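Residues per chain, in single letters:
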Amino acid sequence: LAYLEQDCDQTLREALDDYFGQIPDLITEDNADARVAALFRRHDIGHVVFGCDTSLDGEPLADTFCMFGTDVTLKEYAEYARIPETKQVFKDAGIGPLLWASLKSIPNVLLACWICWRMPKKFPFWDNDAWLDVPLRQIRSEFSIRVVRH
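Conventions adopted
- Residues numbered from 1 in each chain as written.
- Predicted model: local features only at pLDDT ≥ 70, side-chain atom pairs only at ≥ 80, totals over all residues.
- Heavy atoms only, no water.
- Buried < 20%, exposed > 50% of the residue type's maximum accessible area, 1.4 Å probe, protein only.
- Helix = DSSP H or I, 4+ residues; strand = E, 2+ residues; numbered from the N terminus.
- Arc of directions from axis to C-beta.
- 1 Å grid on protein atoms, 1.4 Å probe; cavity = no way out; pocket = protein on both sides within 12 Å on 5 of 7 lines; lining within 4 Å.
- Points joined across faces, edges and corners; volume = space filled by probe spheres on them.
- Nonpolar A, V, L, I, M, F, W, Y, C, P; charged D, E, K, R; others polar.
- Polar contact = N/O pair within 3.5 Å; in protein donor to acceptor, adjacent residues only side chain to side chain.
- Contact = heavy atoms within 4.5 Å.
- Core = buried A, V, L, I, M, F, W, Y, C linked by side-chain atoms within 4.5 Å.

1. Notes on helix 1 (residues 12-21)
(1) Moving on: Residues of helix 1 that are buried: Leu12, Ala15, Leu16, Tyr19 and Phe20. The buried residues of helix 1 occupy one face: seen down the axis, they fall within an arc of 135°. Exposed and facing more than 90 degrees away from the buried side of helix 1 are Asp17 and Gly21.

2. A short note on empty space enclosed by the protein
(1) Moving on: Taken as a whole and judged by the stated rule, the model has 1 cavity of 30 Å³ or more.
(2) Moving on: Empty space within the largest cavity amounts to approximately 30 Å³.
(3) Moving on: Lining the largest cavity, in full, are Arg42, Ile45, Gly46, Thr70, Phe123, Pro124, Phe125 and Asn128.
(4) Moving on: Among the residues forming the lining of the largest cavity, the class breakdown is 4 nonpolar, 3 polar and 1 charged.

3. Let's talk about the side chain of His47
(1) Moving on: Mapped onto the elements, His47 comes out in helix 2 (residues 34-50).
(2) Moving on: A relative accessible area of 0% means that His47 is categorised as buried.
(3) Moving on: Within the structure, His47 has its side chain in polar contact with the side chain of His43 (distance 3.0 Å).
(4) Moving on: At 3.1 Å, the side chain of His47 and the backbone oxygen of Asp53 are in polar contact.
(5) Moving on: In contact with His47, other than residues within four places in its own chain, are Tyr3, Tyr19, Cys52, Asp53, Thr54, Gly58, Glu59 and Ala62.

4. Examining the nonpolar core
(1) Moving on: Ranked by size, the top nonpolar core spans 29 residues in total, and within it Leu12, Phe123 and Ile139 carry the most contacts.
(2) Moving on: Among the secondary structure elements, those contributing two or more residues to this core are helix 1, helix 2, helix 3 (58-69), helix 7 (106-118) and helix 8 (136-143).
(3) Moving on: Residue contributions to this core peak at 5 residues, all from helix 1.
(4) Moving on: The contact partners of Leu12, leaving out residues within four places of it in the chain, are Ile45, Val48, Val49, Phe123, Trp131, Leu132, Val134, Leu136 and Ile139.
(5) Moving on: Core analysis: the next-biggest nonpolar cluster, separate from the first, contains 11 residues, Phe40, Cys66, Tyr77 and Tyr80 among them.

Next comes the structure, spelled out in structure tokens:
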């Protein structure tokens, strides 16, 4: 997927379309509560903006970038972790693979924290519609976002 490349020329909207096209059971307002759908969409935007895939190795990075590289509060993001739909995703992945992926991801998570700490400003978690038609390379440049390879 092109959004995984640092200098991706796709707009955020184009990259989201590609990202959503690879998720078979996408959570939207058509199949979930509006607040749940909004939380999932914002988390998914984080995947794209920060260049994280949806593998077990990519999820801890996406969570780290969302928590520390956006203006979401930890309380708001904890709400995402507590909703049944998120718990089901964790359950489907399995505790063993989740623990192994979490341990393996520690160096990349620390690198993501460093990148977030150096960002001149945080990417907007909730109010980011103005960025939909901006190329990812421009967003990443403006916010000093660096894609972490894993």
